[in-house]
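Observations on the three-dimensional arrangement
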Amino acid sequence: SRAALFEGGDKVKITFKDVAGLEEAKEEVQEIVEFLKNPSKFTVLGGKIPKGALLVGPPGTGKTLLAKAVAGEADVPFFSLSGSDFVEMFVGVGAARVRDLFKQAKAKAPCIIFIDEIDAIGRSRSRGNVPGGNDERENTLNSLLVEMDGFGTDSGVIILAATNRPDTLDSALLRPGRFDRQISVDKPDIIGRTQIFGVHLKPLALSPDVDAKKLAAQTPGFAGAEIANVCNEAALIAARRDKKMVTMQDFQDAIDRVIGGLEKKNKLIS
Ligand code: ATP
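Residues numbered from 1 in each chain as written. Predicted model: local features only at pLDDT ≥ 70, side-chain atom pairs only at ≥ 80, totals over all residues. Heavy atoms only, no water.

If you check an unreviewed UniProt entry, the chain appears there as ATP-dependent zinc metalloprotease FtsH from Hymenobacter oligotrophus.

Okay, structure coming up:
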């Protein structure tokens, strides 16, 4: 819930098979899974395990899903918070929440901390500060930096953070020993979309005419979140029509509806 400000500590069931496409990103985070499972294998020669990695990509491409899958694959607890929850926070609260989160995470290590929308806290301190300032945001960022520096490479806590604006991040966050690795989580191409349809078609009662490849061809520019949305809408449309199975026509109508929704959203923004 939003009120809790950070979630977690629970194990997750999501694994890499729930994440379609994103083969390169999965390969890169596979290493993090291994660090979590068997840290001493990597530190024996004096090497240091990275503390954090940045997942970079547009909204809805599966950054949260991938972070959860890392925790699921390693079978470790998952903690998460969203940067946007920290704006407009009372003085002292954001920083205290960050300290509290790290304390709980360290007690449950090995584990993953996921920070969604890190740009909301981690915006460059030298620019873009709103008039009137947001000192609490800066306090929160500072406490995050202090916490990251404060735990050892052998603590077993790995922090994954997501952003679609890596260029706006404070350079302090990107320094060695902090988020010094970037992993791109891009929008899927037609093959990726076919695979994502594959995942989200699986739980549906489908008519034999439904074809993931054709659906992928009709949804250029869609991210995974929109594909998941199309599949769910199609099932609801078919149910409303009292059908026993979801047909290609229901998907067509769902695609139109999702495109309509996206256009409305874009109009509101521009
Ligand atoms: P945001 O930046 O908006 O938070 P995100 O990149 O974290 O987005 P998710 O929240 O992980 O995106 O994706 C939303 C939902 O879309 C997922 O729960 C999943 O159902 C679906 N989805 C997104 N990408 C994929 C993918 N690669 N494979 C399967 N499902 C996906």
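Membership of the largest hydrophobic core comes to 27 residues, with the highest contact counts inside it found for I32, V70 and I112. Secondary structure elements with two or more residues in this core: α1 (23-37), β2 (52-56), α3 (63-74), β4 (111-116) and β5 (157-163). Every residue in contact with I112, bar those within four places of it in the chain, is listed here: I32, L36, A67, V70, A71, V76, P77, F78, F79, I158 and L160. (Core = buried A, V, L, I, M, F, W, Y, C linked by side-chain atoms within 4.5 Å. Buried < 20%, exposed > 50% of the residue type's maximum accessible area, 1.4 Å probe, protein only. Helix = DSSP H or I, 4+ residues; strand = E, 2+ residues; numbered from the N terminus. Contact = heavy atoms within 4.5 Å.)

Bringing the confidence of the model for the chain into the picture now. Of the residues in the chain, 91% reach a pLDDT of 70 or more, and the chain-wide mean stands at 89. Reported confidences for the modelled complex are a pTM of 0.90 and an ipTM of 0.95. (pLDDT = per-residue confidence, 0-100.)

Along the polypeptide, R193 turns up in helix α7 (residues 190-201). Buried within the structure, R193 lacks any salt-bridge partner; D189 is the closest side chain of opposite charge, at an N-O distance of 6.3 Å. In terms of polar contacts, R193 uses its side chain to reach the backbone carbonyl oxygen of T219, at 3.0 Å. Filtering out sequence-adjacent residues up to four positions away, R193 remains in contact with P188, A216, T219, P220, G221, F222 and I227. (Lys, Arg positive; Asp, Glu negative; His and termini not counted. Salt bridge = Lys/Arg side-chain N within 4 Å of Asp/Glu carboxyl O. Polar contact = N/O pair within 3.5 Å; in protein donor to acceptor, adjacent residues only side chain to side chain.)

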